[in-house]
Amino acid sequence: MSQKVLLTSKEVNIILHRLACQLIEKHLDFSDTILIGLQPRGAFLANRLVKLLKEEYQIATIQYGLLDITFFRDDFRRGEKPLEANKTEIDFLVEDKKIIFIDDVLYTGRSIRSALTAIQSFGRPSEIELLVLIDRRFSRHLPIQPDYRGRQVDAINNEKVKVCWVENEGEDAVYLIPTLATNPK
């Protein structure tokens, strides 16, 4: 099985800086903005962006949390094996705040729909935006589009986008991997 490199470590780093700058341009000091990483894969991207904003761009205070959407998914009871929840770490109210959901890959839009439902448990945000590293634009099941995107990818349905982070896979890279037609995602 051959995989195609979509983004190298250098390209991932450039994109992270661009995304951080776009966030600063729109949200300035982040006083009314909360970054929310969607568990599990969006947490890596969110952690990296928060670190960049604080260390490289001197944003002193950033409210940041992690949101588990496992039991809000519409396919939650459809699988063979039981789903394992991740940890939600939101120790603040989101009432009247600007929320930025952060995820690694926007595919069908179902994870984002789940996040929109899950965040209501913490209050009613004034606005919600979406930041993704990879936008698989021809795969949507729902009318959801990112406000910030690292790279747009035209992958067909029997291809999988794999995002690797140095923190858990030992490298920063994004690959396009062909999958078997009998093994749908």
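Presented here is an overview of the structure given in this document. (Residues numbered from 1 in each chain as written. Predicted model: local features only at pLDDT ≥ 70, side-chain atom pairs only at ≥ 80, totals over all residues. Heavy atoms only, no water.)

### Some remarks on the overall build of the chain
So, point 1. In terms of helices and strands, the chain carries four helices and eight strands.
So, point 2. Written out in order from the N terminus, the α and β elements of the chain read β-α-β-α-β-β-α-β-β-β-α-β.
So, point 3. By residue count, 44% of the 185 residues in the chain fall in the buried class.
So, point 4. The long-range fraction of contacts in the chain, counting pairs at least 24 apart against all pairs at least 6 apart in sequence, stands at 69%. (Helix = DSSP H or I, 4+ residues; strand = E, 2+ residues; numbered from the N terminus. Buried < 20%, exposed > 50% of the residue type's maximum accessible area, 1.4 Å probe, protein only. Contact = heavy atoms within 4.5 Å.)

### Remarks on the sheet that holds strand β4 (residues 98-106)
So, point 1. The five strands lie next to each other as β3-β2-β4-β5-β6, forming an open sheet whose pairing is parallel. Two strands close off the open sheet at either side, each with one partner strand: β3 (63-67) and β6 (148-153). On average, adjacent strands in this sheet sit at an angle of 25° to one another, irrespective of strand direction.
So, point 2. Contacts between helix α1 (residues 9-27) and the sheet are confined to β2 (33-38), β4, β5 (127-136) and β6, with β6 contributing the most and set at about 140° to the helix. (Pairing = 2+ DSSP bridges. Axes fitted to C-alpha atoms, helices over the stretch in contact; angles between N-to-C directions.)

### Quick notes on helix α2 (residues 41-55)
So, point 1. Between its first and last C-alpha, α2 extends 22 Å over 15 residues, near the 21 Å set by a 1.5 Å rise per residue.
So, point 2. Within α2 the residues assigned to the buried category are Gly42, Ala43, Leu45, Ala46, Arg48, Leu49, Val50, Leu52 and Leu53.
So, point 3. As for α2, its buried residues are in contact with α1, β2, β3, β4, β5 and α4 (166-169). (Expected span 1.5 Å × (residues − 1).)

### Description of helix α3 (residues 110-118)
So, point 1. Among all positions in α3, only Ile112, Ser114, Ala115 and Ala118 are buried. Along the axis of α3, the buried residues cluster in a sector spanning 155°; they form a single face.
So, point 2. Those residues of α3 that are buried lie in contact with β2, β3, β4 and β5. (Arc of directions from axis to C-beta.)

### Re the sheet that holds strand β1 (residues 4-7)
So, point 1. One open sheet holds the three strands; their spatial order is β1-β8-β7, and the pairing between them is antiparallel. Looking at strand neighbours, the two that pair on one side only are β1 and β7 (159-164), the edges of this open sheet. If you compare each strand with its neighbour and ignore which way they point, the axes differ by 30° on average.
So, point 2. Bridge count for β7 against strand β8 (residues 173-178) is six bridges, and the pairing is antiparallel. Looking at β8, one finds that Lys160 is bridged to Ile177.
So, point 3. Against the sheet, α1 engages β1 and β8, with an angle of about 25° to β1.

### Focus: the nonpolar core
So, point 1. Leu131, Ile134, Val161 and Val174 are the most contacted members of the largest nonpolar core, which totals 33 residues.
So, point 2. Every residue in contact with Leu131, bar those within four places of it in the chain, is listed here: Leu19, Leu23, Leu45, Leu49, Ile100, Phe101, Ile102, Asp103 and Tyr148.
So, point 3. Membership of the second largest hydrophobic core comes to 18 residues, among which are Leu38, Phe92, Ile112 and Ala118. (Core = buried A, V, L, I, M, F, W, Y, C linked by side-chain atoms within 4.5 Å.)

Note that all results are geometric; they support no functional claim without further evidence.
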